[in-house]
Amino acid sequence: MKTRVILVGIGGATCSGKTTLAKHLRRILPNSVIIHQDDFAPPQEKIPIHPVYGVQDWDRAEGAIEWPRMVSSLEEVKRTGEIPPEHVSHDHLNEQKDVPIDDNVYKKWKAYFERVEKEHREKGGEIKWVMVDGFLLYWHPEVVDKLDVRIFLRVPHDVLKQRRHERHGYHTAVQSDPEGSLWRDPPNYWEQIVWPAYVEAHQGMLEHGDVEHGKPNGKVPGLLLLEGLELSMSDMVDRACGVLEGVSGGDGHMCGDSA
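Below: a short report on this structure. Predicted model only: the values in this text are computed from it and were never measured.

**Examining the overall build of the chain**
Line of reasoning, step 1. Tallying secondary structure elements over the chain gives eight helices and eight strands in all.
Line of reasoning, step 2. In the chain, which comprises 259 residues, the share counted as buried stands at 51%.
Line of reasoning, step 3. Summarising the internal contacts of the chain: among those between residues at least 6 apart in sequence, 77% fall at separations of at least 24.
Line of reasoning, step 4. If you sum the accessible surface of the chain, you get close to 12500 Å²; carbon and sulfur atoms cover 50% of it.

Now the structure itself:
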């Protein structure tokens, strides 16, 4: 059977709702999985120290992700349609807030993509949907190039800050512990580390470098920008599925024969 792999990028700042959107799409799309960019962070003991504030910097793009490992994993997923067996995720340990969507939106798109899957199987093929969510998803050009669909959630600074402060921490990789370690933000971490790193990583893809209001400038091709406060999660799922509808019938990337 020929397998067509479609990588769906879902980017946005920390606490923007990107993982929630990815999980709703996983519920809707048959034969789908999620890859979390957070899982490509270095082990906690290898995170660089900020040169000014003297704390670990989990957010600056250069040191926050092991980029060669992420690029290699995406290449393997594209080639095989499978997440590498050595890939370990800590997302299930993180605090999850339930954001429900309209049942009609869910049923409409689930029925549609099930029909698409059935049509492909009748022709001897299948689609493998791979959502890739991340807070630095559009910084590295090789990662951007691997993605077939590129979605970006934008939420204003003050809302992101409040959501971040309400979180109890993040589970991170530690070489000696497969369950990872719980990271809690030190005082002023948002103002000194998180937000400046977000601006630095994203200003190049938006007009006038304006991460709050700028439109996509074309640096990230075909970027769908979703305004997180103007749209409900149901609206965002609906728009994202509309984009996926457009790519579900083309040629795309075909893996070799698979069972």
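**Comments concerning helix α7 (residues 189-202)**
Line of reasoning, step 1. Helix length check: α7, at 14 residues, gives a terminal C-alpha distance of 19 Å against a target of 20 Å (1.5 Å per residue), a fit within 8%.
Line of reasoning, step 2. Among the residues of α7, those classed as buried are Tyr-189, Trp-190, Ile-193, Val-194, Trp-195, Ala-197, Tyr-198, Ala-201 and His-202.

**Thoughts on the side chain of Glu-126**
Line of reasoning, step 1. Structurally, Glu-126 can be placed in strand β3 (residues 125-134).
Line of reasoning, step 2. For Glu-126, a relative accessible area of 12% translates into the label buried.
Line of reasoning, step 3. Of note is the side chain of Glu-126, whose polar atom sits 3.3 Å from the side chain of Asn-31.

**Some details on the packing of helix α6 (residues 157-166) against α7**
Line of reasoning, step 1. Running from amino to carboxyl end, α6 crosses α7 at an angle of 115°, the nearest separation of the two axes being 12 Å. In the packing of α6 onto α7, the handedness of the crossing is right-handed. On α7, the residues touching His-157, Leu-160, Lys-161, Arg-164 and His-165 of α6 are Tyr-189, Trp-190, Glu-191, Val-194 and Trp-195.
Line of reasoning, step 2. Tallied by class, residues from the contact of α6 with α7 come to five nonpolar, two polar and three charged.

**Points about empty space enclosed by the protein**
Line of reasoning, step 1. Taken as a whole, this structure holds one cavity of 30 Å³ or more when the rule is applied.
Line of reasoning, step 2. Considered as a void within the structure, the largest cavity measures approximately 70 Å³ in volume.
Line of reasoning, step 3. Every residue lining the largest cavity is listed: Ala-13, Thr-14, Asp-59, Phe-135, Trp-190, Val-194, Trp-195, Ala-197 and Tyr-198.
Line of reasoning, step 4. Here the residues of the lining of the largest cavity are counted per class, giving seven nonpolar, one polar and one charged.

**Remarks on the pairing of strand β1 (residues 2-12)**
Line of reasoning, step 1. Of all the 11 residues making up β1, 10 are buried; the element is thus mostly covered by neighbouring parts of the structure.
Line of reasoning, step 2. Pairing analysis gives 10 bridges linking β1 to β3, with the strands arranged parallel. By the bridge assignment, Val-5 is partnered in β3 with Lys-128.
Line of reasoning, step 3. Judged from the five bridges that link them, β1 and strand β4 (residues 149-154) form a sheet pairing that is parallel. Within β4, the position partnered with Gly-9 by the bridge is Arg-150.

**Re helix α1 (residues 18-28)**
Line of reasoning, step 1. The buried count for α1 comes to eight of 11 residues, which makes it a mostly enclosed element.
Line of reasoning, step 2. Here α1 has its buried residues at Lys-18, Thr-19, Leu-21, Ala-22, Lys-23, His-24, Leu-25 and Ile-28.

**Points about the packing of aromatic side chains**
Line of reasoning, step 1. Going through the model one piece at a time under the given rule, you end up with eight aromatic pairs.
Line of reasoning, step 2. Here Trp-195 and Tyr-198 contribute two aromatic rings whose centre-to-centre distance is 5.1 Å and whose plane-to-plane angle is 35°, an arrangement assigned as tilted. Of this pair, Trp-195 and Tyr-198 both sit in helix α7, three residues apart, which is roughly one turn of that helix. Exposure class is identical for Trp-195 and Tyr-198. Each is buried.
Line of reasoning, step 3. By way of ring pairs, the aromatic residues Trp-109, Tyr-112, Phe-113 and Trp-129 are connected into one cluster.
Line of reasoning, step 4. It is Arg-27 that lies over the ring of Tyr-106; its NZ or CZ is 4.4 Å from the centre.

**Quick word on the nonpolar core**
Line of reasoning, step 1. Core analysis: the largest hydrophobic core is formed by 42 residues, its most contacted members being Leu-7, Ile-65, Met-70, Val-132, Leu-136 and Tyr-138.
Line of reasoning, step 2. Sorting elements by how many residues they give to this core places α7 first, with seven residues.
Line of reasoning, step 3. Sequence-distant contacts of Met-70, that is, excluding residues within four places in its chain, are made with Gln-37, Phe-40, Ile-65, Val-132, Leu-137 and Val-143.
Line of reasoning, step 4. The next biggest cluster of nonpolar side chains, apart from the first, holds 30 residues, and it includes Ala-22, Tyr-106, Tyr-112 and Leu-226.

Definitions and cut-offs
- Residues numbered from 1 in each chain as written.
- Predicted model: local features only at pLDDT ≥ 70, side-chain atom pairs only at ≥ 80, totals over all residues.
- Heavy atoms only, no water.
- Helix = DSSP H or I, 4+ residues; strand = E, 2+ residues; numbered from the N terminus.
- Buried < 20%, exposed > 50% of the residue type's maximum accessible area, 1.4 Å probe, protein only.
- Contact = heavy atoms within 4.5 Å.
- Areas by Shrake-Rupley, 256 points an atom, 1.4 Å probe, with all protein chains shown as cover.
- Expected span 1.5 Å × (residues − 1).
- Polar contact = N/O pair within 3.5 Å; in protein donor to acceptor, adjacent residues only side chain to side chain.
- Axes fitted to C-alpha atoms, helices over the stretch in contact; angles between N-to-C directions.
- Left-handed = near helix turned anticlockwise from the far one by under 90°.
- Nonpolar A, V, L, I, M, F, W, Y, C, P; charged D, E, K, R; others polar.
- 1 Å grid on protein atoms, 1.4 Å probe; cavity = no way out; pocket = protein on both sides within 12 Å on 5 of 7 lines; lining within 4 Å.
- Points joined across faces, edges and corners; volume = space filled by probe spheres on them.
- Pairing = 2+ DSSP bridges.
- Phe/Tyr/Trp six-rings, centres within 6.5 Å; stacked < 30°, edge-to-face > 60°.
- Lys NZ or Arg CZ within 6 Å of the ring centre and 35° of its normal.
- Core = buried A, V, L, I, M, F, W, Y, C linked by side-chain atoms within 4.5 Å.

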